[in-house]
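Geometric and topological summary
Here is what each chain is made of, one letter per residue.
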Amino acid sequence: MSDSYDIVVIGAGPAGYHAAIRAAQLGMSVACIDKTTGADGKPSLGGTCLNVGCIPSKTLLDISHRYAATSDYEELGLKVSNVELNLAGVLARKDEVVGKLTGGVDMLFSGNGVTPYHGVGSLLPGSDVKVTKDDGTEEILSAKHVILATGSVPMQIGAAPVDDDRIVDSTGALSFEEVPNRLGIIGAGIIGLELGSVWSRFGSEVVVLEALEKFLPNADERIARDALRSFSKQGMDIRLGTRVLSSDNHGDGVTVTYLVNDEEKTLECDKLIVAVGRAPYSDQLLNDDSPVKLDERGFIFVNEQCETDASDVYAVGDAVRGPMLAHKGMEEGIMVAERIAGFKPAVNYDCIPSVIYTHPEIAWVGQTEQELRDTGANYKAGTFLFAANGRALAGSDAEGIVKVVSDAESDRILGVHIFGPQASELIAQAVIAMEFGATAEDLGLIMFAHPTLSEAVHEAALGVAGHAIHTVNRRKGK
Ligand code: FAD
Ligand code: AMP
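Residues numbered from 1 in each chain as written. Chains lettered and ligands numbered in written order. Predicted model: local features only at pLDDT ≥ 70, side-chain atom pairs only at ≥ 80, totals over all residues. Heavy atoms only, no water.

**A closer look at helix α12 (residues 454-463)**
Most of α12 sits out of view: ten of its ten residues are buried. All of the buried residues along α12 are Ser454, Glu455, Ala456, Val457, His458, Glu459, Ala460, Ala461, Leu462 and Gly463. (Buried < 20%, exposed > 50% of the residue type's maximum accessible area, 1.4 Å probe, protein only. Helix = DSSP H or I, 4+ residues; strand = E, 2+ residues; numbered from the N terminus.)

Shown next, in the form of structure tokens:
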């Protein structure tokens, strides 16, 4: 007889493991199937995010930032000598952090009574699920509800097929055994910029080829401009309007051919990272005649509540529409578990923070000025520079700006955009304010501790009405 559960989740990334744990907390019997094997050959929960995404990349970003920052120590009156990079040690540290967190999901599963299965899950007609284990044996789980959380994989392009030797995707770029002298990156999106920052700080000469003419088209225009200048100064050579046509691993390096202003050019590099986006993943998941449908780009088709076209089958995370971000998948996973339990929560898709963990960091939530201009909306904006923020100056980390955008009539906050130190942490204040429907005036009336970076958010909110104190306001408010 097959094992039977209230819920079977396929995929133990952030979307799947949040769904599984929340469902178990609500008293349901839950199984979670995942096929990922870690570097040690053992099952490793946590999906892309914990194994080859958010966590290893942030570990390398933080270590490389500390390493590169030592070159500024003299300015602070500190003398350091003999700071040396031990890349094998850095990679071991990264693997240790990953191991702690993936092992943490194991512990959370056992503590909450979620049964893990290692193997490939496939949805059978109805809502039963087949697990195919690494040795080829199969097991059928019967389920009342199924949650598909199969995530995404790096997108491939014909112009640069990944060979895991010199041409790698984001996963390969987290484990270079030596620092490449010349590093090419295709794609100036979040992943390209983060990995470019890591290796540039460790000493690579980095060239980023980006097909679009516009840098970070979804970010605030002023912030995208400032960030491009800042990253270029840090040593990343970002070439916009350059479309990669082909690449050749000739053994001693890679020759990349690209088109710029209708002219063909080449780039020689030792390693090439292909960071052109991610594609939803659903291989081996569905039968040909499954009622679960994919959209034209391969995302599992769902409505706002993450219901698929099959009854009792839901899908969450990178495998479905919306931004491919861990926290978006987590909230969808929790929403679905709670809806199955009879509650009626919803995800607010208008309030999803985006973060780029460069230095300075870039973070935003809500609408940009250019989006509002395009829709003809009437808005006002306040800005504040970190150069005028005491804590940023005290921390010798005062590059960047906060911008608060609010509705011209109601003053309700429509968007907050930050380029600066700790932007990833500061943006949470904006998310909370927007979720509570705050106005810019509300944020301005609240007391913030001094001296903190958060005061820059406070002052930008005050600036909307021309009331910021530590700057001369362009808008003169009463
Ligand atoms: P995934 O994390 O992809 O997990 C899906 C899991 O399901 C995987 O373990 C997969 O092997 C398994 N699976 C798939 N099919 C089956 C099957 N049929 N049977 C069994 N198992 C299956 N996001 C952020 O929010 N912040 C960041 O800082 C960030 N940094 C990133 C850095 C990098 C380098 C990368 C690559 C991504 C980053 N992301 C970041 C994106 C983030 O990793 C994803 O948005 C997130 O992991 C998606 O979660 P998920 O649960 O939907 O899918
Ligand atoms: P993202 O989707 O944010 O991960 O970013 C990926 C980036 O890669 C996008 O900005 C694309 O424009 C860029 N890109 C995709 N294909 C190519 C290509 N052939 N040459 C250069 N850039 C590319």
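What follows picks up the thread again.
**So, the sheet that holds strand β18 (residues 354-356)**
Within a beta sheet, neighbouring strands are joined by backbone hydrogen bonds and run either parallel or antiparallel to one another. Read across the sheet, five strands follow the order β18-β19-β22-β21-β20 without closing on themselves; strand pairing throughout is antiparallel. Here the strands that pair on one side only, and so sit at the sheet edges, are β18 and β20 (379-385). The sheet shows a mean angle of 10 degrees between the axes of neighbouring strands, direction not considered. Sheet analysis places strand β19 (residues 361-366) next to strand β22 (residues 413-420), joined by six bridges and oriented antiparallel. (Pairing = 2+ DSSP bridges. Axes fitted to C-alpha atoms, helices over the stretch in contact; angles between N-to-C directions.)

**What to know about the pattern of salt bridges**
Where charged atoms from two side chains of opposite charge approach closely, those side chains can pair. Taken as a whole and judged by the stated rule, the model has 19 salt bridges. Between Glu194 and Lys58 there is a salt bridge, and its shortest N-O distance comes to 2.7 Å. One end of the pair, Glu194, is in helix α5 (residues 190-201); the other, Lys58, is in helix α3 (residues 54-69), and 136 residues separate them in sequence. Accessibility classification places Glu194 together with Lys58 in one group, the buried group. For Arg182, the salt bridge is made with Asp270, and the minimal N-O distance between the two is 3.0 Å. Highlighted residues: Arg182 in strand β9 (residues 182-186) and Asp270 in the loop between β14 (263-269) and β15 (271-274), separated in sequence by 88 residues. Given a relative accessible area of 30%, Arg182 falls into the partly exposed group. It is possible to trace a salt-bridge network through shared partners that takes in Arg93, Glu96 and Lys100. (Salt bridge = Lys/Arg side-chain N within 4 Å of Asp/Glu carboxyl O.)

**Looking at the packing of aromatic side chains**
Aromatic ring pairs: the centre-centre distance and the angle between the two ring planes describe each pair. Enumeration according to the criterion identifies six aromatic pairs in this entry. Pairing Tyr67 with Phe202 gives two aromatic rings, centres 5.9 Å apart and planes at 55 degrees, and the pair type is tilted. Taken together, the residues span a long stretch of sequence, with Tyr67 in helix α3 and Phe202 in the loop between α5 and β10 (205-210) at a distance of 135 residues. Classification of Phe202 by relative accessible area gives buried; the value is 6%. Grouping aromatic residues by their ring pairs yields a cluster made of Tyr67, Phe176, Trp199 and Phe202. (Phe/Tyr/Trp six-rings, centres within 6.5 Å; stacked < 30°, edge-to-face > 60°.)

By themselves, these observations are geometric and do not establish any function.
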